[in-house]
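Inside the fold
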Amino acid sequence: MQSTSQTLVDETEQAVGHVSLRGWGLSGKQGEVFSGLDLDVPRGSVAIIQGAAGSGKTSLLLSIAGRMRVTSGEGHVGELDIRKQPRLVRGQVTVGHIAGLTDLENDFTLAQHIAERLIMLQPWYKPWVSKSSLREVIDVIRETFASATEVIDRLPEGTFSSSDAKDADFLIDDEGKAFVSELSELQKFLLEFGLASLAQAPVVVLDNIDYLREREDRARAWAAILIYQELRSKRDPENPLTVIASCEDSSDVDLVLDALSTEVSPTSVSTLQLTQHPRH
């Protein structure tokens, strides 16, 4: 007979980053937030949750991540039942950006944020991070986004301005001494995404990219997400990243996919349109 721990490991290994929902719904005291949703997200693909403010995008992402209970429907992440196994689902779906949940501390440096996240990912008996481990992670993140910058630089002149490559970088110095308060909103968004990626989970959810007010910033954010997804697929083809992101207007994604058509190749790109339900 297998031990409980072995069983848990086996269940986790079975989760392959495929998300499926059938009749997924959530209702509360003020009525339905969303209802009857069907969604299939293949491994290594991009799913866009599109809808106006108040259409339930954030709640839907939280429910997929095993952080909010729905009231109807069936949902799976790989072989995991989202409603019955939310704790295991949280190990498979990381949250890259949701306001109020992933907010960064302005008084923390990048190194402090990375060290904190690494400690959370380590066994309980190792509540510290060595300088060499921290520097190794910083180097990996810098290398990843340096590669992304090179890709952006190779695009035809005029696709992005020369400053876009710099702005799309994490601006992480060798020691990670920059404070969060020194970063732009785009850089904070990318840092949140980078911290979520440290867990190497097969699925990441990102909410409300529209909070980046400038269209150029939203395009840079999508470019960085798609390029990181492509780089990870090349480095670890057995563990591609599935991205589920919400926005009000997906035309920014179309712009970036056209610009990067020769550089990135997600398994598929799909859009789920949410409509706002009347509230009582």
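Rules of the game
- Residues numbered from 1 in each chain as written.
- Predicted model: local features only at pLDDT ≥ 70, side-chain atom pairs only at ≥ 80, totals over all residues.
- Heavy atoms only, no water.
- Helix = DSSP H or I, 4+ residues; strand = E, 2+ residues; numbered from the N terminus.
- Buried < 20%, exposed > 50% of the residue type's maximum accessible area, 1.4 Å probe, protein only.
- Contact = heavy atoms within 4.5 Å.
- Areas by Shrake-Rupley, 256 points an atom, 1.4 Å probe, with all protein chains shown as cover.
- Pairing = 2+ DSSP bridges.
- Axes fitted to C-alpha atoms, helices over the stretch in contact; angles between N-to-C directions.

Regarding the overall build of the chain
The number of helices and strands found in the chain is 9 helices and 9 strands. Within the span of the chain, comprising 280 residues, buried residues form 50% of the whole. Partitioning the intrachain contacts of the chain with sequence separation of at least 6 by distance along the chain shows that 73% fall at a separation of at least 24. Here the chain displays about 14,000 Å² of accessible surface, and carbon together with sulfur accounts for 49% of that area.

Concerning the sheet that holds strand β7 (residues 203-206)
Strand order across the open sheet formed by 5 strands is β6-β7-β8-β3-β9, with parallel pairing between neighbours. Sheet topology places β6 (93-97) and β9 (269-273) at the edges, where each strand pairs with a single neighbour. For this sheet, the mean angle separating the axes of adjacent strands, direction not counted, is 20 degrees. Note: strand β3 (residues 46-50) against strand β8 (residues 242-247), 5 bridges, orientation parallel. When the bridges of β8 are listed, Ala 47 appears paired with Ile 244. Strands in contact with helix α7 (residues 185-197) are β6 and β7; relative to β6, the strand with the most contacts, it is inclined by about 165 degrees.

Re unusual backbone geometry
Look at Gln 200: it is not a glycine, yet its phi comes out positive at around 55 degrees. Here Gln 200 shows up in the loop between α7 and β7. Its relative accessible area of 38% is what places Gln 200 among the partly exposed residues. Although it is not a glycine, Asn 208 sits at a positive phi angle of roughly 50 degrees. What makes Asn 208 partly exposed here is its relative accessible area of 28%.

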